[in-house]
Amino acid sequence: MTKRRFVRLEDDKPKPANFVPAHLLSEAAKSTAKKCRMSYTQKRETPEQLQSGEEGAHKARLVCMDLKVKYEKPKEETYSAVPTAEAFRLVVASTDIEKGDTLSTNDVQTAFLQSFKWQDSRLVLIVYWDEFTKDWVYEWIDGVIYGMQEGSYDWKNTLAFRLTHEMGFKEVKNMESIYHHPEKKITIPCHVDDPLIKARGAEARDWFHEEFNKLFECKGQQNLVEGKSLDYLSMNITITKEGDIQVDNKTKIEGYLEEMGLQDCNPAKEPMRKDLLNIIAENKKAGIKASPEVHAMNMKWNGELQWLCQSTHPVLATACGILSTLVAENWAGVDDAIKHTFRYLQGAKELCLVKKMGVRTGLTASSDADWAGLYKVLGEKRSRTGTVIKYDEMPVGWKSSWQQCKGTEYDLEADIATSSAEAETYAAADSAKLAIHLKNICEEIDIAVSKPVVIDIDAGAALGFINNTGSVGRMKHIDLRESWVNQMRDRKQVTFRKVPGTSNPADFFTKIITGPEFKRHQDELMSKIET
């Protein structure tokens, strides 16, 4: 911090002619200082540290208390995009070990402090309490520090400039914060300051790390090899002796279960049951809300479930989609449903996403809808869209959400699909959007993808409507989305294929499924971690 950001009289950093050291400023000048605090945290243990009984690394960081609630700066000065989970999984799923692809990470040391100094040469006064001297300390800084609203923005621009102008990368247009080097065959999704490096061959991989370490102070590269995992955004990436790449969240889930006191609970077989929803529905009819304390805990644990669903566990998608609505409405009984979902994770913590070596099926997509399927249980009139997209059989994108059905003419019923064919058509449009988006990313980062993308659906009426072979009389109000789907079809971006309902993997994402059928879908989406 002293070397990178503090500006003092004795150092050789540029200073204005009228520079006054911070400790010599008047009380009036000191009153303008931005308040900061020291943050002391401990990182989660790596798998290697857990195995050896070591603690996670301790960190001390000076953080600016630049609160948005007091003064929110313009978005154009603070917004910094990060890659989506779909993009991360797409990079992992397209890693071809047989062709020499490698995965590695690098840990940038206090990245925000390595972003460029402010171009207008301004200095900002900060103040923080020193626990050792028991006194307030004033310092001048010449660039962002952690906690400042523009911190991520300045760091992202620094990283993008150096990768594109000094290392020959191109930033992906269809997904910000992904960088691709076409000659070296290197692709990097970077979540703030956490890069995941996919490179064709050890030579290209090592070239990147050597050059990157010249530009930034780093803690060093970590390579994915058998017996040594990568810790990336709390996810654990491993490679088996057969060359299969696994992505799991076991350690994170175990931490959640311990915090909830469920570490020794009996696992549930599915993440959601209709009888639990029936109890919530009864409380809703009676107007019984959860207490503020219970609601706060529901919000916290729903957020953790959403992370697991969006990162490594597509099997949670339907349950999480339903829970999010119920948590927001704050009805009594939701806490029991959340607890049940975590009981399911007691058994599902051993599951992972897998990119199997030698599988080359490319980008595949499936779409389905459940027309007002929870009306009898929750009185919910909206239909649910289900989407799953895989690359080489590894799930990379999935969706389970209520449909919002709006066309060019809006009325009260426009939020509700009025037939199963209409619900299926809306689902097909939403699935096509995600599929085309991922296809476009694939094309930018040289991932093999066929064109058009084939989307499997099981509704004959919707397929006929999309292909203009069915009657449009009762569905003529579906103007915008249907026309868009037809445009994409005519431009050979997507094509739709009829499959039996039992063979449509997207069906899993549209409704609450239990028993052997749930187990079948679960086994198709995820595998048990191989150690």
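Anyway, here's the lowdown on the structure attached to this text. Predicted model, so just to flag it, every value in this text is computed and none were measured.

### Here's the deal with the overall build of the chain
Item 1. What the chain contains, in helices and strands, is 16 helices and 21 strands.
Item 2. By the compact-globule yardstick of 24 Å for 531 residues, the chain fits well, its C-alpha radius of gyration being 26 Å.
Item 3. Summarising its shape, the C-alpha atoms of the chain cover approximately 80 × 60 × 55 Å along the three principal directions.
Item 4. In the chain, which comprises 531 residues, the proportion classed as buried is 52%.
Item 5. For the chain, the proportion of contacts with a sequence separation of at least 24, taken over those separated by at least 6, is 71%.
Item 6. Total accessible area on the chain stands at roughly 25200 Å², and carbon and sulfur atoms take up 51% of it.

### Side note on helix 5 (residues 151–166)
Item 1. When the terminal C-alpha atoms of helix 5 are compared, their 22 Å separation across 16 residues agrees well with the 22 Å that a helix rising 1.5 Å per residue should span.
Item 2. All buried positions along helix 5 are accounted for by Gly151, Asp154, Trp155, Lys156, Thr158, Leu159, Ala160, Arg162 and Leu163.
Item 3. Residues of helix 5 that are buried sit in contact with strand 4 (101–108), strand 7 (170–171), strand 8 (178–181), strand 9 (186–191) and helix 6 (202–215).

### Focus on helix 10 (residues 317–329)
Item 1. When the terminal C-alpha atoms of helix 10 are compared, their 19 Å separation across 13 residues agrees well with the 18 Å that a helix rising 1.5 Å per residue should span.
Item 2. With 10 of 13 residues buried, helix 10 is to be regarded as a mostly interior element.
Item 3. Regarding helix 10, the residues found buried are Ala317, Thr318, Ala319, Cys320, Gly321, Ile322, Leu323, Thr325, Leu326 and Val327.
Item 4. Here the buried face of helix 10 lies against helix 8 (274–286), helix 9 (292–311), helix 11 (334–348), helix 12 (375–378), strand 17 (384–391) and strand 18 (394–402).
Item 5. Once helix 10 ends, the next one or two residues include asparagine 330, with phi positive near 65°.

### A closer look at the pattern of salt bridges
Item 1. One pass over the full model with this rule turns up 33 salt bridges.
Item 2. In this structure, the salt-bridge partner of arginine 205 is aspartate 206, at a minimum N-O distance of 3.0 Å.
Item 3. The buried category is assigned to arginine 205, whose relative accessible area is 13%.
Item 4. Linking lysine 284 and glutamate 329 is a salt bridge whose minimum nitrogen-to-oxygen distance equals 3.9 Å. Taken together, the residues span a long stretch of sequence, with lysine 284 in helix 8 and glutamate 329 in helix 10 at a distance of 45 residues.
Item 5. Residue class for lysine 284 comes out partly exposed when judged on its relative accessible area of 35%.
Item 6. On the basis of relative accessibility, which here comes to 27%, the residue glutamate 329 falls in the partly exposed class.

Basis of the calculations
Residues numbered from 1 in each chain as written. Predicted model: local features only at pLDDT ≥ 70, side-chain atom pairs only at ≥ 80, totals over all residues. Heavy atoms only, no water. Helix = DSSP H or I, 4+ residues; strand = E, 2+ residues; numbered from the N terminus. Rg over C-alpha atoms; globule rule 2.2 N^0.38 Å. Buried < 20%, exposed > 50% of the residue type's maximum accessible area, 1.4 Å probe, protein only. Contact = heavy atoms within 4.5 Å. Areas by Shrake-Rupley, 256 points an atom, 1.4 Å probe, with all protein chains shown as cover. Expected span 1.5 Å × (residues − 1). Salt bridge = Lys/Arg side-chain N within 4 Å of Asp/Glu carboxyl O.

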